[in-house]
Amino acid sequence: LKSLSHLLKPLGIETPLECSLNEQALNSRRAEILRQAKRPIAALHPFAGDLRRCLDLKIFLETADRLNEKGFLPLWIGTPSELSRLRSLIAKRERARRLDGEDLFLDEIGAGGVLDLAAAVFASAFFVGHDSGPLHLANSLGVPAVALFTPGEPLRTFPQGRGAFRMIERSSPQGVDAAQIMAEVKRLISDERPELHF
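Residues numbered from 1 in each chain as written. Predicted model: local features only at pLDDT ≥ 70, side-chain atom pairs only at ≥ 80, totals over all residues. Heavy atoms only, no water.

Caption draft 1: Expanded view of the overall build of the protein. In terms of helices and strands, the protein carries eight helices and six strands. Along the protein, helices and strands appear, N-terminal first, in the series α-α-β-α-β-α-β-α-β-α-β-α-β-α. A total of 198 residues make up the protein; the buried ones form 44% of that total. Of all intrachain contacts in the protein linking residues separated by at least 6 positions in sequence, the fraction that spans at least 24 positions is 58%. (Helix = DSSP H or I, 4+ residues; strand = E, 2+ residues; numbered from the N terminus. Buried < 20%, exposed > 50% of the residue type's maximum accessible area, 1.4 Å probe, protein only. Contact = heavy atoms within 4.5 Å.)

This is how it looks when you write it as structure tokens:
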């Protein structure tokens, strides 16, 4: 926005442009999600517009298992078709227990609109996901995030909101595993949310 504000100077407008989100509209939905969750939420978004940029879903499932063991409720974020694919993988791996309250899926929250996505992300203790709209939404709401650029353009599209973030940057999804993600989550929580005792 700073670079765009110079376009207004010839019109005599000197006020800097600012962008912010009004969280007030999310507060009641956020409170209801937190009430239902009963434990800290870890938002996971294993999808991106280009599948070639995405980590194998098995890595995210392993990450979810580790987060579950640490006392976090995994919240899966994705479109209905992406979440359907994820549920199929979970069932194939004989992990039906995940479908019985061990995980929360975005399409189980409200009507599944943008406000529900924003409220669910805002209710999360932290976010882990690919360079995508949900990552930038989380960051703009101040939710700490682990951002995956596998690959991506982190110098151009890094999270630019008010939330703290850690980045995992690779030229491809290969070589990123659950241990690396958990290490970045631990650093992020130690710095930003020490009350969570990761």
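Read on for the rest.
Caption draft 2: Summary view of the packing of aromatic side chains. The full count for this structure, using the stated rule, is one aromatic pair. An angle of 75° between the planes, with centres 5.1 Å apart, marks the rings of Phe72 and Phe126 as edge-to-face. With a gap of 54 residues between them, Phe72 in the loop between α3 (57-69) and β2 (73-76) and Phe126 in strand β4 (residues 126-130) connect regions that are remote in the sequence. Across this residue pair, the class does not change: Phe72 and Phe126 are buried. When the ring centre of Phe105 is taken as reference, the NZ or CZ atom of Arg87 above it lies at 4.1 Å. (Phe/Tyr/Trp six-rings, centres within 6.5 Å; stacked < 30°, edge-to-face > 60°. Lys NZ or Arg CZ within 6 Å of the ring centre and 35° of its normal.)

Caption draft 3: Seen up close, the packing of helix α2 (residues 27-37) against helix α5 (residues 114-122). Viewed as axis vectors pointing N to C, α2 and α5 meet at an angle of 55°, and their least axial separation amounts to 8 Å. Overall, the two elements α2 and α5 adopt an arrangement that is oblique. Like other packed secondary-structure pairs, α2 and α5 cross with a definite hand, here right-handed. Side by side, α2 and α5 meet where Asn27, Arg29, Arg30 and Ile33 of the first sit next to Leu115, Asp116, Ala119, Ala120 and Phe122 of the second. Split by residue class, the contact of α2 with α5 holds five nonpolar, one polar and three charged. (Axes fitted to C-alpha atoms, helices over the stretch in contact; angles between N-to-C directions. Parallel < 35°, antiparallel > 145°, perpendicular 65-115°, else oblique. Left-handed = near helix turned anticlockwise from the far one by under 90°. Nonpolar A, V, L, I, M, F, W, Y, C, P; charged D, E, K, R; others polar.)

Caption draft 4: Expanded view of the environment of Val176. Here Val176 shows up in the loop between β6 (165-169) and α8 (178-192). Other than its neighbours up to four places away in sequence, Val176 contacts Leu55, Ile59, Thr150, Ile168, Arg170 and Ile181.

Caption draft 5: Highlighting the pairing of strand β1 (residues 41-45). Burial of β1 is extensive: five of the five residues sit out of reach of the surface. Of the two faces of β1, both are covered, the one formed by Ile41, Ala43 and His45 as well as the one formed by Ala42 and Leu44. Pairing of β1 with β2 involves four bridges; the strand directions are parallel. Within β2, the position partnered with Ala43 by the bridge is Leu75. Pairing of β1 with β4, which is carried by four bridges, proceeds in the parallel orientation. Bridge pairing in β4 places Ala43 opposite Phe127. (Pairing = 2+ DSSP bridges.)

Caption draft 6: Representation of the pattern of salt bridges in the model. Considering all chains together, one arrives at nine salt bridges under this definition. Between Glu184 and Arg187 there is a salt bridge, with the nearest N and O atoms lying 2.8 Å from each other. Placement of the pair is Glu184 and Arg187 together in helix α8, with a separation of three residues, close to one helical turn. Overall, the relative accessible area of 13% leaves Glu184 in the buried class. Arg187 sits in the partly exposed class, given a relative accessible area of 40%. (Salt bridge = Lys/Arg side-chain N within 4 Å of Asp/Glu carboxyl O.)

Caption draft 7: Looking closely at the sheet that holds β1. Taken together, six strands build an open sheet; the order of strands is β3-β2-β1-β4-β5-β6 and the sheet is parallel. Unpaired on one side and paired on the other, β3 (104-105) and β6 mark the two borders of the sheet.

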